[in-house]
Amino acid sequence: MGREVFNINTKSKQLKRVATKNENSNLLENYKLRENVTTDESWDFRKSNTKEFTHCYHPYPAMMIPQVARRILNDYGKKSKTLFDPFCGTGTSLVEANLVGINAIGTDINPLARLIASTKTSKIDIQVLELFLQDFINYFFSISFQIEKVKSVIIPKVKNIDFWFSKNVQQKLGVLLDYIEGINDPSIRNFFKVAFSETVRETSFVKQGEFKLVRNKNFKDSREPDVFGVMIIKLSRNKQGLVEFEKTLKNDSHASVYGFNTVSNIPKEIIKESSIDIVVTSPPYGDSKTTVAYGQYSRLSNEWLGYEEANQVDNILMGGVKRKHKHTFKSDILNDVILTIQDEDKERGRDVISFFEDYEKSINNVSKTLRKGGIACYVVGNRTVKGSSIPTDEITSQLFEENNFTHIETIIRNIPNKRMPSKNSPSNVVGVTASTMKNEYIVVCQKN
Ligand SMILES: C[S@@+](CC[C@H](N)C(=O)[O-])C[C@H]1O[C@@H](n2cnc3c(N)ncnc32)[C@H](O)[C@@H]1O
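What this report covers is the structure whose coordinates are included nearby. (Residues numbered from 1 in each chain as written. Predicted model: local features only at pLDDT ≥ 70, side-chain atom pairs only at ≥ 80, totals over all residues.)

**Quick word on the packing of helix α8 (residues 186–202) against helix α9 (residues 227–248)**
Filter applied, for reference: Note on method: axes are straight lines fitted to C-alpha atoms, helices fitted across the in-contact stretch only, with angles between N-to-C directions ranging 0 to 180 degrees. Numbering of helices and strands runs from the N terminus, with a helix taken as a DSSP run of H or I at least four residues long and a strand as a DSSP run of E at least two residues long. Orientation categories follow fixed angle ranges, with anything under 35 degrees roughly parallel, anything over 145 roughly antiparallel, 65 to 115 roughly perpendicular, and all other angles oblique. Throughout, a crossing is termed right-handed when the near helix is turned clockwise from the far one, and left-handed when it is turned anticlockwise from it by less than a right angle. Note on contacts: residues are paired as contacts if their backbone-placed C-beta atoms lie within 7 Å. Residues were grouped as follows: Ala, Val, Leu, Ile, Met, Phe, Trp, Tyr, Cys and Pro as nonpolar; Asp, Glu, Lys and Arg as charged; and all remaining residues, including Gly, as polar.
It is at 9 Å that the axes of α8 and α9 come closest, and there the two elements cross at 135 degrees. As far as their axial angle goes, α9 and α8 are oblique. Helix-helix and strand crossings are classified by hand; for α8 and α9 the assignment is right-handed. Facing F191, V194, A195, F196, E198, T199 and E202 of α8, the residues of α9 in contact are V227, V230, M231, K234, L235 and N238. Each residue belonging to the contact of α8 with α9 can be placed in one class, and the counts come to eight nonpolar, two polar and three charged.

Encoded structure:
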C-alpha cells in the first residue's frame, strides 16, 4: 500500500507520521502546521509585470519570476555584496541582484541558458547598439527587395532539419546567422544571438507553448513565417528592456556566468569558500526528462548556434545519469518517501534517488561557498511521483541543516504566472495525467 511520510518539524524534535495515500490531499494543511512555514498570497504577484528590464529577453521553462527574487533580496540581501545562483537558467536572480547593486555569479549546464543569462546582465552602449540595429535593418531591407544579392550561406548541422524547418526558413536563418557571426563586438553579437534563438523557435514547425520538442500537427497549413520580421521585433523589444535595465542599474555591479556543475565541484578560483553572502536559486524539479525538459526546449537553438552536445543536455542535468546502487540520504524524510515510491515502482524510485543524490552533493558544495550568517534561498516545487508527493522543501532544509545551517522560514506561494505545463504524466502511463505543481516553496536557511 502506498504510504506518504512527512515530518512535522519543531525546534527540538521531529514528530514523524505515516499517512496513507488518501491523506495526500491533507498534506498542504499539515505543512501549515510546521513551524516557520506560511502560505502567503502576497508572494503570488498575480498582476505583476514579469517582463520588465532585460527579463523580457527570451522565454525558458520554469523561469523564476523577478518579483520573487526581488523580494528575497529586499528581505535578506540588504547588506549583500555577492550573490550566487547555482542553477541560474536565464539569470533572473542575477539581473535582480545587479539592479540593487549586488555582484552576481551564476552557473548553468545548458549553453543556451548561459547565453541568455550573460546577455541579460551585459551592459552595452545603447548608441552603438542602435548603429548595429540600423545596419541590420538596412541589410535585410536590401535583401528583401533584392537590392543586394544574398551570398550562399552555410547551414549548421541540425538533426532532422527538414522535419523542423521549411527550406525557405532554413535559408533565411542561415543568412541571419551569417550576419551575426560577422559582428565583431562580443556583447552585441550575443545580443543578436539571443533574438536569433527566439526566432529559430518561432519560425520552426515546433508546437509553441510546449517544453518538449513536438511538431505542430497543423504545420502544413501555417503561413511561411516572416523570419526577418520576427527577428526585428525581438531585437527592438530587447533593446527597450536593455535601456530600462541600464537606467535602473545600481553602482557598477556586474554578473559572471559559468558552465560548471555544482554537483561535482565548485572551482575555488571562481568562488572561494565562505565568500558568498546570498544564494538565490530555483533548482530543477527532477523531471527534466519527463516534463520540464530544458535540453529538448533548447535543442534547436543550441544546434543552430553551434553549441556542441546540444543533444546531451537533458542527460547531463541533475538526475540525468541513472544510479543503480543503493544510497541512504542524510534526510530521513527523503529516505522514507523513496521507500514508498519503490514499493510502487522500482525504476521510478531509482530516478528519484539519482536526482536527489546529485541534489545532496550540490547542496553540500554550495553550502561551503556561503559565509557565516550567509543566506541560502531555494525556490522549489514538490512534485508527485507514483502518487506520492515529494516534500522537496523539507528535504532541502534538512540537507542544509546537515551542513550547519538553520531553517529560517518557508513561504508557500501559488504559481499564477510561472511558465509550467499544467499537466504532466507522473505515472508515465499514456493518457494518465495529473495537475503539476500549483505551489512553490521558498525555503530560506542561514549558515550558523
Ligand atoms: C528551474 S531552471 C532555472 C530557471 C532560472 N531561475 C530562470 O529564471 O531562468 C533550472 C536550471 O538548472 C539547470 N541545471 C540542471 N542541472 C544542473 C546542474 N547539475 N548544474 C547546473 N545547472 C543545472 C538547467 O539547465 C536549468 O536551466
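From this point, the discussion proceeds with the structure in view.
**Comments concerning the site of the ligand**
Note the threshold: Only the C-beta atom matters for nearness: placed from the backbone, it must lie within 6 Å of the molecule or strand for the residue to count as near.
In the vicinity of the ligand lie 22 residues, with F87, G89, T90, T92 and N110 positioned nearest. Tallied by class, residues from the shell around the ligand come to 13 nonpolar, eight polar and one charged.

**Observations regarding the sheet that holds strand β11 (residues 405–414)**
For the record, the criterion: Pairing between strands is defined by DSSP: at least two bridges between the two strands are required.
Spatial strand order, β3-β11-β14-β8-β7-β4-β5-β6: eight strands in an open sheet with mixed pairing. The open sheet has two edge strands with one neighbour each: β3 (37–39) and β6 (255–258). This sheet shows a mean twist of 15 degrees between the axes of neighbouring strands, independent of strand direction. Bridge analysis of strand β8 (residues 370–380) against strand β14 (residues 439–447) gives six bridges, and the strand direction is antiparallel. Counted as the bridge partner of A376 is C445 from β14.

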